[in-house]
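Letter by letter, the chains look like this.
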Amino acid sequence: MQLIYKSTEKEFYRDGDKFIKVFGETYSKAGVLNEALNQARVEETNLNVPKIQGVSNVEGKWALVYDYIEGETLEALLAKHPDKTEQYLEFFVDLQIQMSKEKSPLLGHLRDKMHAKISASAYPATVRYDLHVRLDGLPRHMKLCHGDYQPSNVIITKDGTPYIIDWAHATQGNGSADAARTYLLFKLSGRDEYAEKYLSLFCKKTDTAIQYVQKILPIVAASQSVKKKPEEQEFLNKWVNVCDWQ
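Here the structure is a predicted model, which is why all the values come from computation and not from measurement.

Visitor: What is the right way to read the layout of surface pockets from this model?
Guide: Each pocket or cavity is described by its volume, and for the largest pocket that value is around 1,800 Å³. Lining the largest pocket are 49 residues, and of these K10, K21, D148, D166 and H169 sit closest to its centre. In terms of residue count, the dominant contributor to the lining of the largest pocket is helix α1 (residues 29–42) (6 residues). In terms of residue class, the lining of the largest pocket is built from 18 nonpolar, 16 polar and 15 charged. Approximately 210 Å³ is the volume attributed to the second largest pocket. Around the second largest pocket sit 16 residues that line it, and R111, R140, H141, Q172 and G173 are the ones nearest its centre. Secondary-structure elements contributing two or more residues to the lining of the second largest pocket are α4 (110–120) and β10 (171–173).

Visitor: What should I look at first to understand the sheet that holds strand β8 (residues 154–156) in this one?
Guide: Strand pairing in a sheet takes place through backbone hydrogen bonds and is either antiparallel or parallel in direction. Taken in spatial order, the 3 strands line up as β6-β8-β9 in an open sheet, and their pairing is antiparallel. Edge positions in the sheet fall to β6 (72–73) and β9 (162–164), since each of these pairs with one other strand and no more. The pairing of β8 with β9 spans 3 bridges and is classified as antiparallel. Bridging across to β9, I156 finds its partner in P162.

Visitor: Even after reading the chapter, I still don't get the nonpolar core, so can you show me in this structure?
Guide: With 53 residues, the main nonpolar core has W167 and Y198 as its most contacted residues. If we skip the residues at most four places from it in the chain, W167 touches N38, Q39, V42, L47, V49, M99, L144 and H146. Listed in part, the 6 residues of the second largest apolar core include V32, I52, L64 and Y66.

Visitor: Would you mind going over the pairing of strand β3 (residues 18–23) with me for this structure?
Guide: For a regular strand, the rule is simple: side chains alternate between the two faces of the sheet. In this structure, strand β2 (residues 10–15) lies alongside β3, joined through 6 bridges in antiparallel fashion. Paired with Y13 across the two strands is I20, which belongs to β3. Counting the residues between successive antiparallel strands, the hairpin from β2 to β3 contains 2 residues, one of them, G16, with a positive phi of roughly 65°.

Visitor: It is not clear to me how the packing of aromatic side chains should be interpreted in this structure. Could you clarify?
Guide: Two numbers describe a pair of aromatic rings. These are the distance of the centres and the angle of the planes. Tallied over the entire structure, the rule returns 12 aromatic pairs. Note on F92 and Y198: the rings are 5.8 Å apart at their centroids and 55° apart in plane angle, and the pair reads as tilted. Taken together, the positions of F92 in helix α3 (residues 85–100) and Y198 in helix α7 (residues 192–206) put the pair 106 residues apart, joining distant regions of the chain. Y198 gets classed as buried once you look at its relative accessible area, which sits at 0%. Between F235 and W239, the ring centres sit 6.5 Å apart and the planes meet at 65°, which makes this aromatic pair edge-to-face. Here F235 pairs with W239, and both are found in helix α9 (residues 230–240), just 4 residues apart, close to one helical turn. Put simply, the rings of F92, Y149, F186, Y194, Y198 and F202 pair up and form one aromatic cluster.

Visitor: Even after reading the chapter, I still don't get the sheet that holds strand β1 (residues 2–6), so can you show me in this structure?
Guide: Ordered in space as β1-β2-β3-β5-β4, the 5 strands form an open sheet in which the pairing is antiparallel. A single partner strand is all that each edge strand has here, and the edge strands are β1 and β4 (52–58). Between one strand axis and the next, the sheet turns by 25° as a mean value, whatever way the strands run. Together, β3, β4 and β5 (61–67) form the strand contacts of α1, whose direction differs from that of β5 by roughly 10°.

Visitor: How should I be thinking about the state of the cysteines in this particular structure?
Guide: Chemically, a disulfide is nothing more than a covalent bond linking the sulfur atoms of two cysteines. Within this structure, the stated rule accounts for 0 disulfides. With no disulfide of its own, C145 lies closest to C203 among cysteine sulfurs, the gap being 15 Å. We classify C203 as buried; its relative accessible area is 5%.

Visitor: Explain the side chain of T85 here, please?
Guide: Tracing the chain through its elements places T85 in helix α3. A distance of 2.7 Å separates a polar side-chain atom of T85 from the backbone oxygen of P82. Every residue in contact with T85, bar those within four places of it in the chain, is listed here: L78, Y194 and K197.

Conventions we followed
Every chain's residues receive numbers from 1 upward, in the order its sequence appears when written. The predicted nature of this model means local features are confined to residues of pLDDT at least 70 and side-chain atom pairs, given and counted, to a pLDDT of 80 or more, with totals for whole chains, interfaces and linings taken over all residues. Note that the side-chain values use all heavy atoms of the structure and ignore hydrogens as well as water. For each structure, a 1 Å grid was placed over the protein atoms alone; sets of points admitting a 1.4 Å probe that cannot get out are labelled cavities, open sets with protein on both sides within 12 Å along at least five of seven lines are labelled pockets, and lining residues have an atom within 4 Å of a point. Grid points are joined across faces, edges and corners, and a volume is the space filled by probe spheres set on the points. Put simply, DSSP marks the helices as runs of H or I at least four residues long and the strands as runs of E at least two long, and each gets a number from the N terminus on. Residue type decides the class: Asp, Glu, Lys and Arg count as charged, Ala, Val, Leu, Ile, Met, Phe, Trp, Tyr, Cys and Pro as nonpolar, and the leftover types, Gly among them, as polar. We call two strands paired when DSSP finds no fewer than two bridges between them. Working definition of a nonpolar core: buried Ala, Val, Leu, Ile, Met, Phe, Trp, Tyr and Cys residues. They are joined through side-chain atoms within 4.5 Å. Only protein chains enter the accessibility calculation, which uses a 1.4 Å probe; a residue whose area is less than 20% of its type maximum is buried, one above 50% is exposed, and one in between is partly exposed. By definition in these notes, contact holds between two residues if any of their heavy atoms fall within 4.5 Å. Aromatic pairs are defined between Phe, Tyr and Trp rings, using the six-membered ring for Trp, whenever the two ring centres lie within 6.5 Å; interplanar angles under 30 degrees are classed as stacked, those over 60 as edge-to-face, and all others as tilted. Where helices are involved, their axes are fitted lines through C-alpha atoms of the stretch in contact, as for all axes, and angles between N-to-C directions lie from 0 to 180°. Here, two cysteine sulfur atoms that lie within 2.5 Å of each other are counted as a disulfide. Counting of polar contacts relies on pairs of N or O atoms within 3.5 Å, with two restrictions inside protein: one atom must be capable of donating a hydrogen and the other of accepting it, and residues adjacent in sequence are counted only when both atoms are side-chain atoms.

In structure tokens:
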């Protein structure tokens, strides 16, 4: 096996036509099996996604085995061709819109996941109450939501076919909430220009008011806060505390 990438919690390998994702010892069996189940359910849609080949155990660590997709991530292409930023972001948004038209009725619901994360956050009860009410006020949709949709999770093959990878956080629910999370991820990585261009494109192409997506941002910021990353907390607090004065 060839090691492709290693983080503090996961290792990624290639073994011929197989892509192997090895989880750290802190990952629970239930969490890994749930990710495999999410992937299998998304495979039943019309989207291009890597097929899951199996669940394994590597030296006491859980691992998922997928089809290996040869190509470059949209993240890498954006870095290599800054002159094509608009083109790539438009492609990125179009793919997200295509994704949101799919249905996967056996997936968990985004609303339930967000309520649980708000409850698990460290914000005061008054703020959590406002966030729960705001979440309950959103339209109830059943669109396929990725949960971590960003350019690094889109692979483009040599013939231009896009594959969306990493469905660990997949749910069904409000597509604009998924867009709000993408916007937040751009902001957290310091790519403000991408964030604003992305949101403008998404709202224009879906005929969605920017204010509507902004209304959802405190909810996704609170859900992100449960990861307890110190470098993100000040930024997330600014978004979450919007609820205090609105």
